[in-house]
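Descriptive analysis of the structure
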Amino acid sequence: MSQFIEQPLISVVIPSYNVEHYVRECLDSLAEQGVENIQVICVNDGSTDGTLTVLQEYAAKDARIEILDGPNGGYGKAMNRGLAAAKGKYFAILEPDDYLPEQAYAKLLKIAQENNLDFVKGCTQSFFEGQDGKRVIVPQHSYPVKNTVLCPRKTPPAFIDISVDSWNGIYNLDFLRRHHIEYHESPGASYQDTGFFMQTFSFAERAMFVDVPSYMYRTDNAASSTSARSSKPYALSGEYAYIRRKLEAVPEIWNEVKPLYLARRVGGHRWIYYSLKESMRLEYLREVRKEFIELEGFDRSLLPRIDKYHLEKILVSPEHFLTCEAVQDEVRSAKRVLTLLSQASSIRRKYYFYKLLSVLTFGKSRKRNQSRAKRYREVCREIRFATRVLQ
């Protein structure tokens, strides 16, 4: 990269904590962006390895690279320090264990400028190092709505279905500052990107999602915040409480996005629930139910069917939800057993096939009126019988 130019077109923040093994590739990828007028802000968040030394090495070669060094304060605080120091027309986030495809920023900047966008997001490709040492790249995802200018809060498929990743796009810096968009300075690195996502999607009037490869996301860094999220199940509740406070301060926006907020919140819960060990689930459900009670009056019309199911069962009681989940698990197991038994040739196996089928079939039988608990016990018993037959 060449020497720093005043009034950069884009400011890129790289929040860095103990990434000495990855950050060189990250910084090298910036040289291939086709953008000379760039500000690179490396926030060293109290690294205890050689990260700072690597950053200083690169900064000594290129005056456009700035280092903000300080004690560890968490991801949100590091990002806000970088955001406050940004001088460009556009703002971007680059995680130090990831890197950029060639010309990614040049392509996104062109789209943002031609369409006067608050933000534009491209596509992410995941990668990891295989056992043979060769890099494996996973094909990029696409968007449910793309290649057209839209207002995210008026486009539910965009607001609800698009990932909360904040680093695969660029944002108009004036837009961020005009709406006081910033990161939640909660401890550590868990879900702060959710708050940034919810604010940008709620306030933006003009946004685009495009099929432009714009980010390479590493999935094999065990120290990353994504890898640690399931160990912090309650952090997401704190993040959504922060989001709600920010959005309630602008009533006209909050009233419009409440159904979207509910959809994202319940969807986030479901992701956490299935990542937890079974021994942690009941306690987690009891806590999240308190939050869901406060959302009970929100419009549920935008909830996907599976999320509406989760919300309704949890509101009855966490124990009720777990019983329903257990029944669903047994039914899924029974269907697998049915598939095997239906292919059996012996008379005995055929018998258990029809026996199990009768348990799972409602029709006009008396089982329609059975209690859920009684039906659950009967399904379990029949599955155990069928499993023995298969052995």
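Residues numbered from 1 in each chain as written. Predicted model: local features only at pLDDT ≥ 70, side-chain atom pairs only at ≥ 80, totals over all residues. Heavy atoms only, no water.

1. Concerning the pairing of strand S4 (residues 90-93)
Burial of S4 is two-sided: the residues Tyr90 and Ala92 facing one way and the residues Phe91 and Ile93 facing the other way are all buried. As paired strands, strand S1 (residues 10-16) and S4 are joined by four bridges and run parallel to one another. When the sheet's bridge partners are listed, Val13 is paired in S4 with Ile93. Across three bridges, the pairing between S4 and strand S7 (residues 169-172) is antiparallel. Considered in S7, the bridge of Tyr90 is made with Asn172. (Buried < 20%, exposed > 50% of the residue type's maximum accessible area, 1.4 Å probe, protein only. Helix = DSSP H or I, 4+ residues; strand = E, 2+ residues; numbered from the N terminus. Pairing = 2+ DSSP bridges.)

2. A look at the nonpolar core
Of all hydrophobic cores here, the largest spans 96 residues; its most connected members are Ile10, Leu30, Phe91, Tyr105 and Ile170. When residues of this core are assigned to their parent elements, the largest contribution, ten residues, is made by helix H10 (residues 251-275). Every residue in contact with Tyr105, bar those within four places of it in the chain, is listed here: Ile10, Val12, Leu30, Gln33, Val35, Ile38, Ala92, Ile93, Leu94, Leu100 and Ile170. (Core = buried A, V, L, I, M, F, W, Y, C linked by side-chain atoms within 4.5 Å. Contact = heavy atoms within 4.5 Å.)

3. Examining the pattern of salt bridges
As enumerated under the stated definition, the model contains 22 salt bridges in all. Notably, a salt bridge pairs Glu57 with Lys61, separated by 3.7 Å at the nearest N-O pair. With a gap of four residues between them, Glu57 and Lys61 both fall in helix H2 (residues 51-61), about one helical turn apart. Classification of Lys61 by relative accessible area gives exposed; the value is 57%. With a closest N to O distance of 2.5 Å, Arg270 and Asp307 form a salt bridge. Residue Arg270 is located in helix H10, and its partner Asp307 is located in helix H12 (residues 305-316); the two are separated by 37 residues in the primary sequence. Take Arg270: its relative accessible area is 26%, and that puts it in the partly exposed class. Taken together, the shared-partner salt bridges connect Glu25, Glu129, Arg135, Arg218 and Asp220 into one network. (Salt bridge = Lys/Arg side-chain N within 4 Å of Asp/Glu carboxyl O.)

4. Regarding unusual backbone geometry
Backbone geometry places Gln103, a non-glycine residue, at a positive phi of 65°. Along the chain, the position of Gln103 falls in the loop between S4 and helix H4 (104-115). Owing to a relative accessible area of 36%, Gln103 belongs among the partly exposed residues under this scheme.

5. Details of the environment of Ile253
Summarising the element assignment, Ile253 is placed in helix H10. Assessed through its relative accessible area of 9%, Ile253 is described here as buried. Taking the C-alpha atoms as reference, Ile253 lies 7.3 Å from Phe203; in sequence the two are 50 residues apart. Here Ile253 is in contact with Arg153, Ser202 and Phe203, once residues within four sequence places are set aside.

These values are about where atoms sit, not about what they do.
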